[in-house]
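# Summary of structural features
The primary structure of each chain is shown beneath.
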2 protein chains.
Amino acid sequence: MARPRAEDYDDKRKAILKTSAELFAEHGFDRASMNQIALGCGVSKALLYHYYANKDALLFDIIRDHLDELIAAVEEGATPEMTGEEMLHGYVLALLDAYRDANAEHKIQINEMKRLPAEQQEELKARERRLVQLFAGALSHAVPQLAEPGSTLLKPVTMSLFGMVNWHYLWFREGGAVSRADYARIATRLILDGARSLAA
Amino acid sequence: MARPRAEDYDDKRKAILKTSAELFAEHGFDRASMNQIALGCGVSKALLYHYYANKDALLFDIIRDHLDELIAAVEEGATPEMTGEEMLHGYVLALLDAYRDANAEHKIQINEMKRLPAEQQEELKARERRLVQLFAGALSHAVPQLAEPGSTLLKPVTMSLFGMVNWHYLWFREGGAVSRADYARIATRLILDGARSLAA
DNA sequence: CCTACCGATCGGTAGG
DNA sequence: CCTACCGATCGGTAGG
(Lines give C-alpha, C1' and ligand atoms only; values in the text may rest on other atoms or scores of the structure.)
Protein backbone atom coordinates (compact mmCIF):
# COMPACT_ATOMS: atom_id res chain seq x y z
CA MET A 1 0.00 0.00 0.00
CA ALA A 2 1.24 3.43 -0.88
CA ARG A 3 2.55 5.49 1.96
CA PRO A 4 0.11 8.34 2.56
CA ARG A 5 1.26 11.94 2.68
CA ALA A 6 2.05 12.95 6.24
CA GLU A 7 -0.94 14.63 7.86
CA ASP A 8 1.14 17.64 8.91
CA TYR A 9 2.68 17.95 5.43
CA ASP A 10 1.09 21.31 4.74
CA ASP A 11 1.87 22.73 8.18
CA LYS A 12 5.51 21.78 7.75
CA ARG A 13 5.58 23.30 4.29
CA LYS A 14 4.14 26.58 5.63
CA ALA A 15 6.64 26.60 8.49
CA ILE A 16 9.53 26.10 6.07
CA LEU A 17 8.18 28.90 3.90
CA LYS A 18 7.97 31.36 6.79
CA THR A 19 11.40 30.56 8.22
CA SER A 20 13.12 30.68 4.85
CA ALA A 21 11.35 33.96 4.04
CA GLU A 22 12.81 35.49 7.18
CA LEU A 23 16.29 34.25 6.34
CA PHE A 24 16.07 35.43 2.73
CA ALA A 25 14.84 38.85 3.87
CA GLU A 26 17.60 39.20 6.45
CA HIS A 27 20.60 37.89 4.51
CA GLY A 28 19.41 38.02 0.91
CA PHE A 29 18.53 35.08 -1.33
CA ASP A 30 22.08 34.24 -2.35
CA ARG A 31 23.59 34.49 1.11
CA ALA A 32 20.99 32.52 3.04
CA SER A 33 22.20 28.95 2.42
CA MET A 34 20.04 25.86 2.25
CA ASN A 35 22.03 24.61 5.23
CA GLN A 36 21.07 27.71 7.26
CA ILE A 37 17.45 27.32 6.23
CA ALA A 38 17.38 23.64 7.18
CA LEU A 39 19.00 24.52 10.50
CA GLY A 40 16.52 27.34 11.11
CA CYS A 41 13.58 25.05 10.33
CA GLY A 42 14.95 22.26 12.53
CA VAL A 43 14.94 19.79 9.66
CA SER A 44 17.66 18.03 7.69
CA LYS A 45 18.71 19.43 4.39
CA ALA A 46 17.46 16.25 2.74
CA LEU A 47 14.00 16.86 4.17
CA LEU A 48 14.11 20.42 2.91
CA TYR A 49 14.80 19.05 -0.57
CA HIS A 50 11.90 16.69 -0.11
CA TYR A 51 9.58 19.66 0.14
CA TYR A 52 11.28 21.83 -2.47
CA ALA A 53 13.18 20.56 -5.48
CA ASN A 54 15.63 23.44 -5.34
CA LYS A 55 16.30 26.85 -3.89
CA ASP A 56 14.47 28.66 -6.69
CA ALA A 57 11.27 26.71 -6.00
CA LEU A 58 11.40 27.92 -2.42
CA LEU A 59 11.76 31.55 -3.49
CA PHE A 60 9.00 31.19 -6.07
CA ASP A 61 6.58 29.69 -3.54
CA ILE A 62 7.26 32.44 -0.99
CA ILE A 63 6.47 35.20 -3.46
CA ARG A 64 3.51 33.40 -5.04
CA ASP A 65 1.85 32.70 -1.68
CA HIS A 66 2.51 36.29 -0.63
CA LEU A 67 0.98 37.80 -3.77
CA ASP A 68 -2.03 35.48 -3.56
CA GLU A 69 -2.63 36.62 0.01
CA LEU A 70 -2.31 40.28 -0.99
CA ILE A 71 -4.79 39.87 -3.84
CA ALA A 72 -7.27 38.04 -1.60
CA ALA A 73 -6.93 40.64 1.16
CA VAL A 74 -7.39 43.56 -1.24
CA GLU A 75 -10.42 41.95 -2.91
CA GLU A 76 -12.04 41.64 0.51
CA GLY A 77 -11.18 45.26 1.30
CA ALA A 78 -14.10 46.70 -0.65
CA THR A 79 -17.66 45.84 -1.64
CA PRO A 80 -19.47 46.70 -4.91
CA GLU A 81 -21.85 49.12 -3.22
CA MET A 82 -19.03 51.37 -2.06
CA THR A 83 -18.27 54.65 -3.82
CA GLY A 84 -15.04 54.84 -5.78
CA GLU A 85 -13.42 56.81 -2.99
CA GLU A 86 -14.47 54.28 -0.33
CA MET A 87 -13.29 51.44 -2.53
CA LEU A 88 -9.86 52.94 -3.03
CA HIS A 89 -9.51 53.60 0.68
CA GLY A 90 -10.67 50.04 1.43
CA TYR A 91 -8.07 48.61 -0.94
CA VAL A 92 -5.22 50.71 0.45
CA LEU A 93 -6.15 49.86 4.04
CA ALA A 94 -6.42 46.16 3.25
CA LEU A 95 -3.05 46.16 1.49
CA LEU A 96 -1.24 48.00 4.28
CA ASP A 97 -2.87 45.66 6.78
CA ALA A 98 -1.82 42.58 4.81
CA TYR A 99 1.76 43.87 4.94
CA ARG A 100 1.70 43.88 8.73
CA ASP A 101 2.82 40.26 9.10
CA ALA A 102 4.49 39.97 5.74
CA ASN A 103 7.41 42.35 5.94
CA ALA A 104 9.92 39.62 5.07
CA GLU A 105 7.84 38.44 2.12
CA HIS A 106 7.39 42.01 0.89
CA LYS A 107 11.14 42.68 0.95
CA ILE A 108 11.73 39.45 -0.94
CA GLN A 109 9.14 40.32 -3.55
CA ILE A 110 10.79 43.70 -4.10
CA ASN A 111 14.43 42.67 -3.93
CA GLU A 112 14.78 39.03 -4.92
CA MET A 113 12.21 38.29 -7.62
CA LYS A 114 14.75 38.98 -10.36
CA ARG A 115 16.86 36.01 -9.18
CA LEU A 116 14.25 33.67 -10.66
CA PRO A 117 14.26 32.38 -14.26
CA ALA A 118 12.26 34.55 -16.68
CA GLU A 119 9.35 32.12 -16.92
CA GLN A 120 8.76 32.02 -13.17
CA GLN A 121 9.14 35.78 -12.95
CA GLU A 122 6.46 36.16 -15.58
CA GLU A 123 4.00 34.07 -13.55
CA LEU A 124 4.60 36.30 -10.52
CA LYS A 125 4.44 39.52 -12.50
CA ALA A 126 1.02 38.44 -13.79
CA ARG A 127 -0.13 38.41 -10.15
CA GLU A 128 1.40 41.84 -9.58
CA ARG A 129 -0.51 43.08 -12.60
CA ARG A 130 -3.77 41.75 -11.17
CA LEU A 131 -3.12 43.75 -8.02
CA VAL A 132 -2.35 46.86 -10.04
CA GLN A 133 -5.56 46.37 -12.04
CA LEU A 134 -7.65 46.31 -8.86
CA PHE A 135 -6.25 49.67 -7.79
CA ALA A 136 -6.46 51.16 -11.27
CA GLY A 137 -10.12 50.08 -11.36
CA ALA A 138 -10.95 51.75 -8.06
CA LEU A 139 -9.09 54.88 -9.16
CA SER A 140 -11.01 55.01 -12.44
CA HIS A 141 -14.21 54.64 -10.48
CA ALA A 142 -13.29 57.41 -8.04
CA VAL A 143 -11.94 59.85 -10.65
CA PRO A 144 -13.58 58.93 -13.97
CA GLN A 145 -11.55 61.49 -15.95
CA LEU A 146 -8.44 59.32 -15.38
CA ALA A 147 -9.97 56.55 -17.48
CA GLU A 148 -11.14 58.73 -20.36
CA PRO A 149 -9.68 57.76 -23.72
CA GLY A 150 -6.66 59.91 -24.50
CA SER A 151 -5.79 60.50 -20.87
CA THR A 152 -2.25 59.41 -19.95
CA LEU A 153 -2.79 59.94 -16.23
CA LEU A 154 -4.12 56.60 -15.03
CA LYS A 155 -0.82 54.75 -15.21
CA PRO A 156 1.42 57.34 -13.51
CA VAL A 157 -1.19 58.01 -10.82
CA THR A 158 -1.70 54.30 -10.12
CA MET A 159 2.05 53.72 -10.01
CA SER A 160 2.43 56.73 -7.70
CA LEU A 161 0.06 55.04 -5.27
CA PHE A 162 2.00 51.78 -5.49
CA GLY A 163 5.21 53.70 -4.93
CA MET A 164 3.85 55.20 -1.71
CA VAL A 165 2.42 51.97 -0.38
CA ASN A 166 5.29 49.70 -1.40
CA TRP A 167 7.85 52.12 -0.03
CA HIS A 168 6.27 52.27 3.44
CA TYR A 169 8.31 49.38 4.85
CA LEU A 170 11.44 51.53 4.70
CA TRP A 171 10.19 54.18 7.13
CA PHE A 172 6.97 52.96 8.77
CA ARG A 173 7.34 51.76 12.36
CA GLU A 174 4.65 49.83 14.23
CA GLY A 175 3.47 51.80 17.26
CA GLY A 176 4.75 55.13 15.93
CA ALA A 177 2.88 58.43 15.68
CA VAL A 178 1.23 57.32 12.43
CA SER A 179 -0.72 54.03 12.37
CA ARG A 180 -1.37 51.86 9.33
CA ALA A 181 -4.95 53.17 9.27
CA ASP A 182 -3.62 56.73 9.43
CA TYR A 183 -1.28 56.12 6.55
CA ALA A 184 -4.02 54.46 4.52
CA ARG A 185 -6.07 57.66 4.85
CA ILE A 186 -3.08 59.88 4.06
CA ALA A 187 -2.08 57.93 0.95
CA THR A 188 -5.67 57.75 -0.32
CA ARG A 189 -6.08 61.48 0.25
CA LEU A 190 -2.87 62.43 -1.52
CA ILE A 191 -3.82 60.36 -4.55
CA LEU A 192 -7.49 61.34 -4.75
CA ASP A 193 -7.19 65.06 -4.18
CA GLY A 194 -4.12 65.21 -6.38
CA ALA A 195 -5.73 63.19 -9.13
CA ARG A 196 -8.87 65.35 -9.11
CA SER A 197 -6.76 68.47 -9.37
CA LEU A 198 -4.71 66.98 -12.23
CA ALA A 199 -7.83 65.84 -14.08
CA ALA A 200 -9.40 69.30 -13.81
CA MET B 1 61.24 58.14 -5.68
CA ALA B 2 57.62 57.08 -5.30
CA ARG B 3 55.88 56.12 -8.47
CA PRO B 4 53.45 58.88 -9.47
CA ARG B 5 49.78 58.07 -9.86
CA ALA B 6 48.91 57.43 -13.51
CA GLU B 7 47.46 60.52 -15.16
CA ASP B 8 44.36 58.65 -16.27
CA TYR B 9 43.87 57.11 -12.82
CA ASP B 10 40.56 58.87 -12.23
CA ASP B 11 39.18 58.16 -15.69
CA LYS B 12 39.94 54.47 -15.26
CA ARG B 13 38.36 54.49 -11.82
CA LYS B 14 35.16 56.09 -13.17
CA ALA B 15 35.04 53.57 -16.03
CA ILE B 16 35.41 50.68 -13.59
CA LEU B 17 32.68 52.18 -11.43
CA LYS B 18 30.24 52.51 -14.34
CA THR B 19 30.87 49.03 -15.74
CA SER B 20 30.66 47.33 -12.37
CA ALA B 21 27.48 49.26 -11.55
CA GLU B 22 25.88 47.87 -14.70
CA LEU B 23 26.95 44.33 -13.84
CA PHE B 24 25.78 44.66 -10.24
CA ALA B 25 22.44 46.04 -11.39
CA GLU B 26 21.96 43.29 -13.95
CA HIS B 27 23.08 40.22 -11.99
CA GLY B 28 23.00 41.42 -8.41
CA PHE B 29 25.96 42.17 -6.16
CA ASP B 30 26.58 38.57 -5.10
CA ARG B 31 26.31 37.05 -8.56
CA ALA B 32 28.39 39.56 -10.48
CA SER B 33 31.86 38.15 -9.88
CA MET B 34 35.07 40.12 -9.70
CA ASN B 35 36.26 38.04 -12.67
CA GLN B 36 33.25 39.19 -14.72
CA ILE B 37 33.82 42.79 -13.74
CA ALA B 38 37.51 42.64 -14.67
CA LEU B 39 36.57 41.08 -18.01
CA GLY B 40 33.85 43.70 -18.61
CA CYS B 41 36.25 46.53 -17.85
CA GLY B 42 38.97 45.04 -20.02
CA VAL B 43 41.42 44.93 -17.11
CA SER B 44 42.98 42.13 -15.13
CA LYS B 45 41.49 41.11 -11.83
CA ALA B 46 44.74 42.20 -10.22
CA LEU B 47 44.35 45.72 -11.63
CA LEU B 48 40.79 45.81 -10.37
CA TYR B 49 42.12 45.03 -6.91
CA HIS B 50 44.66 47.79 -7.38
CA TYR B 51 41.81 50.31 -7.59
CA TYR B 52 39.55 48.71 -4.99
CA ALA B 53 40.72 46.73 -1.98
CA ASN B 54 37.68 44.46 -2.09
CA LYS B 55 34.23 43.96 -3.56
CA ASP B 56 32.54 45.95 -0.78
CA ALA B 57 34.69 49.01 -1.48
CA LEU B 58 33.50 48.95 -5.08
CA LEU B 59 29.85 48.80 -4.01
CA PHE B 60 30.34 51.55 -1.44
CA ASP B 61 31.98 53.86 -3.99
CA ILE B 62 29.20 53.32 -6.54
CA ILE B 63 26.48 54.28 -4.07
CA ARG B 64 28.42 57.16 -2.49
CA ASP B 65 29.20 58.76 -5.85
CA HIS B 66 25.60 58.29 -6.91
CA LEU B 67 24.15 59.90 -3.78
CA ASP B 68 26.60 62.79 -3.98
CA GLU B 69 25.51 63.45 -7.55
CA LEU B 70 21.83 63.33 -6.57
CA ILE B 71 22.35 65.81 -3.72
CA ALA B 72 24.30 68.19 -5.96
CA ALA B 73 21.67 67.97 -8.71
CA VAL B 74 18.79 68.58 -6.31
CA GLU B 75 20.51 71.52 -4.64
CA GLU B 76 20.90 73.13 -8.07
CA GLY B 77 17.24 72.45 -8.86
CA ALA B 78 15.92 75.43 -6.91
CA THR B 79 16.92 78.97 -5.95
CA PRO B 80 16.15 80.81 -2.67
CA GLU B 81 13.83 83.30 -4.36
CA MET B 82 11.45 80.57 -5.50
CA THR B 83 8.13 79.96 -3.79
CA GLY B 84 7.78 76.73 -1.80
CA GLU B 85 5.78 75.19 -4.60
CA GLU B 86 8.34 76.11 -7.26
CA MET B 87 11.12 74.83 -5.04
CA LEU B 88 9.47 71.46 -4.53
CA HIS B 89 8.82 71.13 -8.26
CA GLY B 90 12.42 72.15 -8.99
CA TYR B 91 13.74 69.48 -6.64
CA VAL B 92 11.51 66.72 -8.02
CA LEU B 93 12.40 67.61 -11.60
CA ALA B 94 16.12 67.73 -10.80
CA LEU B 95 15.98 64.35 -9.04
CA LEU B 96 14.07 62.62 -11.83
CA ASP B 97 16.48 64.16 -14.32
CA ALA B 98 19.50 62.96 -12.35
CA TYR B 99 18.08 59.43 -12.47
CA ARG B 100 18.06 59.49 -16.28
CA ASP B 101 21.61 58.18 -16.65
CA ALA B 102 21.83 56.48 -13.28
CA ASN B 103 19.33 53.66 -13.48
CA ALA B 104 21.90 51.02 -12.58
CA GLU B 105 23.20 53.06 -9.65
CA HIS B 106 19.65 53.69 -8.43
CA LYS B 107 18.79 49.98 -8.47
CA ILE B 108 22.00 49.24 -6.59
CA GLN B 109 21.24 51.87 -3.97
CA ILE B 110 17.77 50.40 -3.43
CA ASN B 111 18.61 46.71 -3.61
CA GLU B 112 22.22 46.17 -2.59
CA MET B 113 23.09 48.71 0.11
CA LYS B 114 22.25 46.24 2.85
CA ARG B 115 25.10 43.97 1.71
CA LEU B 116 27.58 46.47 3.18
CA PRO B 117 28.84 46.41 6.78
CA ALA B 118 26.79 48.55 9.17
CA GLU B 119 29.39 51.33 9.40
CA GLN B 120 29.53 51.88 5.66
CA GLN B 121 25.74 51.70 5.42
CA GLU B 122 25.51 54.43 8.04
CA GLU B 123 27.72 56.75 6.00
CA LEU B 124 25.48 56.26 2.99
CA LYS B 125 22.27 56.58 4.96
CA ALA B 126 23.50 59.95 6.24
CA ARG B 127 23.59 61.09 2.62
CA GLU B 128 20.10 59.72 2.02
CA ARG B 129 18.92 61.70 5.04
CA ARG B 130 20.40 64.90 3.60
CA LEU B 131 18.39 64.34 0.46
CA VAL B 132 15.23 63.71 2.49
CA GLN B 133 15.87 66.91 4.47
CA LEU B 134 16.02 68.98 1.30
CA PHE B 135 12.60 67.74 0.21
CA ALA B 136 11.11 68.02 3.71
CA GLY B 137 12.34 71.62 3.80
CA ALA B 138 10.72 72.52 0.49
CA LEU B 139 7.50 70.80 1.57
CA SER B 140 7.44 72.73 4.86
CA HIS B 141 7.96 75.90 2.88
CA ALA B 142 5.14 75.11 0.47
CA VAL B 143 2.65 73.85 3.07
CA PRO B 144 3.63 75.47 6.39
CA GLN B 145 0.98 73.52 8.38
CA LEU B 146 3.02 70.34 7.81
CA ALA B 147 5.85 71.75 9.90
CA GLU B 148 3.72 73.02 12.78
CA PRO B 149 4.64 71.54 16.15
CA GLY B 150 2.38 68.62 16.94
CA SER B 151 1.75 67.76 13.30
CA THR B 152 2.66 64.17 12.37
CA LEU B 153 2.15 64.73 8.68
CA LEU B 154 5.55 65.92 7.46
CA LYS B 155 7.26 62.54 7.65
CA PRO B 156 4.59 60.41 5.96
CA VAL B 157 4.03 63.04 3.26
CA THR B 158 7.75 63.39 2.57
CA MET B 159 8.16 59.62 2.47
CA SER B 160 5.17 59.36 0.14
CA LEU B 161 6.95 61.65 -2.29
CA PHE B 162 10.11 59.57 -2.07
CA GLY B 163 8.05 56.44 -2.61
CA MET B 164 6.62 57.86 -5.83
CA VAL B 165 9.92 59.14 -7.17
CA ASN B 166 12.06 56.18 -6.15
CA TRP B 167 9.53 53.72 -7.54
CA HIS B 168 9.47 55.31 -10.99
CA TYR B 169 12.27 53.15 -12.40
CA LEU B 170 9.97 50.11 -12.25
CA TRP B 171 7.40 51.48 -14.67
CA PHE B 172 8.76 54.64 -16.32
CA ARG B 173 9.95 54.21 -19.92
CA GLU B 174 11.98 56.81 -21.77
CA GLY B 175 10.08 58.08 -24.80
CA GLY B 176 6.68 56.93 -23.48
CA ALA B 177 3.48 58.95 -23.22
CA VAL B 178 4.66 60.57 -19.98
CA SER B 179 8.02 62.37 -19.93
CA ARG B 180 10.21 62.92 -16.89
CA ALA B 181 9.07 66.55 -16.83
CA ASP B 182 5.45 65.38 -17.01
CA TYR B 183 5.94 63.02 -14.12
CA ALA B 184 7.71 65.69 -12.07
CA ARG B 185 4.59 67.85 -12.43
CA ILE B 186 2.26 64.96 -11.62
CA ALA B 187 4.17 63.89 -8.50
CA THR B 188 4.49 67.47 -7.26
CA ARG B 189 0.78 68.06 -7.83
CA LEU B 190 -0.30 64.86 -6.04
CA ILE B 191 1.80 65.75 -3.03
CA LEU B 192 0.98 69.44 -2.84
CA ASP B 193 -2.78 69.31 -3.40
CA GLY B 194 -3.07 66.25 -1.20
CA ALA B 195 -0.96 67.78 1.57
CA ARG B 196 -2.98 71.00 1.54
CA SER B 197 -6.17 69.00 1.79
CA LEU B 198 -4.78 66.92 4.65
CA ALA B 199 -3.52 69.99 6.49
CA ALA B 200 -6.92 71.68 6.26
C1' DC C 1 50.24 43.54 -13.79
C1' DC C 2 49.48 38.28 -14.72
C1' DT C 3 48.21 33.47 -13.66
C1' DA C 4 48.01 29.96 -10.56
C1' DC C 5 46.13 28.77 -6.94
C1' DC C 6 44.18 28.84 -1.63
C1' DG C 7 40.54 27.90 2.21
C1' DA C 8 35.66 27.98 2.54
C1' DT C 9 31.47 27.16 1.27
C1' DC C 10 27.88 26.76 -2.14
C1' DG C 11 23.46 24.14 -4.06
C1' DG C 12 22.29 19.71 -4.79
C1' DT C 13 22.38 14.35 -4.59
C1' DA C 14 24.10 9.69 -3.37
C1' DG C 15 22.73 4.99 -0.97
C1' DG C 16 19.79 2.92 2.34
C1' DC D 1 5.90 1.82 -5.98
C1' DC D 2 5.25 5.76 -3.22
C1' DT D 3 6.95 9.21 0.32
C1' DA D 4 9.75 10.36 4.52
C1' DC D 5 13.88 11.14 6.21
C1' DC D 6 19.11 10.37 7.53
C1' DG D 7 24.58 11.10 7.48
C1' DA D 8 27.87 12.03 4.25
C1' DT D 9 29.73 13.96 0.38
C1' DC D 10 29.58 15.36 -4.64
C1' DG D 11 31.44 18.74 -8.56
C1' DG D 12 32.07 23.61 -9.14
C1' DT D 13 32.91 28.28 -8.00
C1' DA D 14 33.30 32.26 -4.94
C1' DG D 15 36.48 36.27 -3.29
C1' DG D 16 40.97 37.20 -2.68
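These numbers were taken from a predicted model, which means no experiment stands behind them. (Residues numbered from 1 in each chain as written. Chains lettered and ligands numbered in written order. Predicted model: local features only at pLDDT ≥ 70, side-chain atom pairs only at ≥ 80, totals over all residues. Heavy atoms only, no water.)

### Brief notes about the UniProt feature "DNA-binding region" (unreviewed entry) in chain A
- The feature "DNA-binding region" (unreviewed entry), as given by UniProt, occupies residues 33-52 of chain A in the numbering adopted here.
- For residues 33-52 of chain A, the end-to-end C-alpha separation is 14 Å, with 75% helix and 0% strand making up the annotated structure. (UniProt positions renumbered as here; feature names shortened; annotations may be inferred. Helix = DSSP H or I, 4+ residues; strand = E, 2+ residues; numbered from the N terminus.)

### Details of the protein's contact with DNA strand C
- The environment of DNA strand C is made up of D30, A32, S33, M34, K45, Y49, N54 and K55 of chain A together with S44, A46 and L47 of chain B.
- M34 of chain A is positioned with one of its backbone polar atoms (N or O) 3.1 Å from a phosphate oxygen of DNA strand C.
- Here Y49 of chain A contributes a side-chain N or O atom positioned 3.1 Å from a phosphate oxygen of DNA strand C.
- Elements with a contribution of two residues or more to the surface near DNA strand C: helix 3 (45-51) of chain A together with helix 3 (45-51) of chain B. (Near = heavy atom within 4 Å. Polar contact = N/O pair within 3.5 Å; in protein donor to acceptor, adjacent residues only side chain to side chain.)

### Details of the packing of aromatic side chains
- Here the structure, examined in full by the defined rule, presents 10 aromatic pairs over all chains.
- With centroids separated by 5.0 Å and ring planes inclined at 85 degrees, the aromatic side chains of W171 of chain A and Y183 of chain A adopt a geometry described as edge-to-face. A residue pair is termed long-range when its members are at least 10 positions apart, and W171 of chain A in the loop between helix 8 (154-167) and helix 9 (180-199) and Y183 of chain A in helix 9 qualify at 12 residues. Pair check on accessibility: W171 of chain A and Y183 of chain A agree, each one buried.
- In textbook terms, an aromatic cluster arises when at least three aromatic residues are bridged by ring pairs, as seen for Y91, F135 and F162 of chain A.
- Over the aromatic face of F29 of chain B sits the side chain of K55 of chain B, whose NZ or CZ is 4.8 Å from the ring centroid. (Phe/Tyr/Trp six-rings, centres within 6.5 Å; stacked < 30°, edge-to-face > 60°. Buried < 20%, exposed > 50% of the residue type's maximum accessible area, 1.4 Å probe, protein only. Lys NZ or Arg CZ within 6 Å of the ring centre and 35° of its normal.)

### Examining the packing of helix 7 (residues 118-142) of chain A against helix 8 of chain A
Residue and element names in this part refer to chain A.
- Interhelical geometry of helix 7 versus helix 8 gives an angle of 115 degrees and a closest axis separation of 10 Å. In terms of crossing hand, the pair formed by helix 7 and helix 8 is right-handed. When helix 7 is examined against helix 8, the residues L131, V132, F135, A136, L139 and S140 are found in contact with a partner set consisting of L154, V157, T158, L161 and F162.
- Here the residues of the contact of helix 7 with helix 8 sort into nine nonpolar, two polar and no charged. (Axes fitted to C-alpha atoms, helices over the stretch in contact; angles between N-to-C directions. Left-handed = near helix turned anticlockwise from the far one by under 90°. Contact = heavy atoms within 4.5 Å. Nonpolar A, V, L, I, M, F, W, Y, C, P; charged D, E, K, R; others polar.)

### Comments concerning the interface of chain A and chain B
- Contact with chain A, which involves 34 residues of that partner, is made by 34 residues of chain B.
- Interface of chain A and chain B: buried area, both sides summed, is about 3200 Å²; carbon and sulfur atoms make up 63% of it.
- At the surface where chain A touches chain B, the tally comes to four salt bridges.
- Taking the shortest distance from any N to any O, the salt bridge between R115 of chain A and E112 of chain B comes out at 3.6 Å.
- Here chain A is connected to chain B by 10 residue pairs in polar contact (both at pLDDT 80 or more).
- Those elements that place two or more of their residues in the side of chain A that touches chain B are helix 6 (103-112), helix 8 and helix 9 of chain A.
- Of the residues in the side of chain A that touches chain B, the class split is 17 nonpolar, nine polar and eight charged. (Buried area = accessible area lost by both parts, 1.4 Å probe. Salt bridge = Lys/Arg side-chain N within 4 Å of Asp/Glu carboxyl O.)

### What about the UniProt feature "domain: HTH tetR-type" (unreviewed entry) in chain A?
- Taking the UniProt record as the reference, the feature "domain: HTH tetR-type" (unreviewed entry) is found at residues 10-70 of chain A.
- Spanning residues 10-70 of chain A, this segment combines 80% helix with 0% strand, and its end C-alpha atoms are found 20 Å apart.

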